[in-house]
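# Survey of secondary and tertiary structure
Residues per chain, in single letters:
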Amino acid sequence: MKKLFLALLAVASITAANAQKGSILVFGTASVENRNEELAGDETEFRSWHIQPGIGYQFHDNMTAGLEGGYSYSAREREFGPASALPLSLLDDQMEWNIGAFYRYTHYFNQTFSVWGQFGVGYLNGDITRDRIDTVGNIARVATTVNDYHGFRAYITPAFAINVHNGWALNFGFGGIEYRNVNFDDFAAGDIIPESESRFNLTFGQQLNVGISKNIGCGFWSKKKAPKEPGMDTRGMKQDQEDDDDE
């Protein structure tokens, strides 16, 4: 029983060590979102998915900074009610990639569970393809426009993590808050899509983020720089010899 307890203690110590100052954090997150809205007889369905890998340096036991990038796809279909004078439906397909920097603060409850908040800011670029479907008499007519855009984003995301083994952790989040500012390249007077757009997106409780992370090389620099007292190696050898003599 004593050996088992010591073994479990050693495993817990290894897990904790991989989240300390001096390690490299490698992570990847993925999110999916699906929601429906109804307003004044109009129905809107929204679907999206997103992947976001990143790498950072843990310069403090609780703080990490680094770089990240990502790709996302979303589709929004809006069906207008019979009382509306607008088209029968609008279908938007949006593809976007981003790259930027992040800062993460982590609070550890114990060797297994932790929570963290991440702030990020970066450049983004994408395009929106819009299909406008209406009818002229009994004939359906589809008009398609493509708008490219670029801009920047800033976000805050909370999440919690479960340390599995040797620095590997599962991460779970449920959305956050994001600010976006973009300019459309192909803007023309009369377009439905504006010349520029600034907005806040609040997705907390509406989005599921699942990720995996790994802390690599924890304590390497601190161990490498740790000074040794004169005669330390000799004292260790003498101690081993004394232990052998006692046996």
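Scroll up a little and you will see the structure.
Attention here is on the structure that accompanies the text. Please read all numbers here as calculations on a predicted model, not as lab measurements.

What follows deals with the overall build of the protein. Looking only at helices and strands, one finds 3 helices and 10 strands in the protein. Ordered by position from N to C terminus, the α and β elements of the protein give α-β-β-β-β-β-β-β-β-β-β-α-α. In the protein, once contacts between residues fewer than 6 apart in sequence are set aside, the share between residues at least 24 apart is 65%. When the accessible surface of the protein is split by element, carbon and sulfur atoms take 62% of a total near 15600 Å².

Let us now look at unusual backbone geometry. Despite not being glycine, N166 shows a phi value in the positive range, around 50°. For N166, the location among the structural elements is in the loop between β6 (139-165) and β7 (168-173).

As enumerated under the stated definition, the model contains 7 aromatic pairs in all. Ring centres of Y179 and F200 lie 4.9 Å apart, and the angle between their planes is 50°; this geometry places the pair in the tilted category. Of this pair, Y179 sits in strand β8 (residues 177-184) while F200 is found in strand β9 (residues 196-202), placing the two residues 21 residues apart along the sequence. Judged by its relative accessible area of 24%, Y179 falls in the partly exposed class. Directly above the ring of F46 sits R35, whose terminal nitrogen or CZ lies 4.5 Å from the centroid. A cation over a ring is seen here: R104 above F27, with NZ or CZ 4.9 Å from the ring centre.

Using the criterion set out here, one finds 7 salt bridges in the structure. Among the ionic pairs, E178 bridges to R153, the shortest N-O distance being 2.8 Å. Of the two residues, E178 is situated in strand β8 and R153 in strand β6; the sequence distance between them amounts to 25 residues. A salt bridge links E178 to R180; the shortest N-O distance between them is 3.8 Å.

Secondary-structure assignment places S72 in strand β3 (residues 63-79). If we skip the residues at most four places from it in the chain, S72 touches W49, H50, Q94, M95 and E96.

In this structure, G122 sits in strand β5 (residues 113-136). Of the residues examined, G122 reaches a relative accessible area of 15% and is grouped as buried. C-alpha of G122 to C-alpha of L67: the two residues are 55 residues apart in sequence and 9.4 Å apart in space.

Counting 5 residues, the largest nonpolar core is built from L124, I128, Y149, V182 and F184. Broken down by secondary-structure element, the contributors of at least two residues to this core are β5 and β8.

A word on the environment of L90. Summarising the element assignment, L90 is placed in strand β4 (residues 89-108). Expressed as a C-alpha distance, the spacing of L90 and R76, which sit 14 residues apart in the sequence, is 8.0 Å. Not counting residues within four places of it along the chain, the set of residues in contact with L90 comprises R76, E77, R78, F80, R130, D131 and R132.

Procedures and definitions
Residues numbered from 1 in each chain as written. Predicted model: local features only at pLDDT ≥ 70, side-chain atom pairs only at ≥ 80, totals over all residues. Heavy atoms only, no water. Helix = DSSP H or I, 4+ residues; strand = E, 2+ residues; numbered from the N terminus. Contact = heavy atoms within 4.5 Å. Areas by Shrake-Rupley, 256 points an atom, 1.4 Å probe, with all protein chains shown as cover. Phe/Tyr/Trp six-rings, centres within 6.5 Å; stacked < 30°, edge-to-face > 60°. Buried < 20%, exposed > 50% of the residue type's maximum accessible area, 1.4 Å probe, protein only. Lys NZ or Arg CZ within 6 Å of the ring centre and 35° of its normal. Salt bridge = Lys/Arg side-chain N within 4 Å of Asp/Glu carboxyl O. Core = buried A, V, L, I, M, F, W, Y, C linked by side-chain atoms within 4.5 Å.

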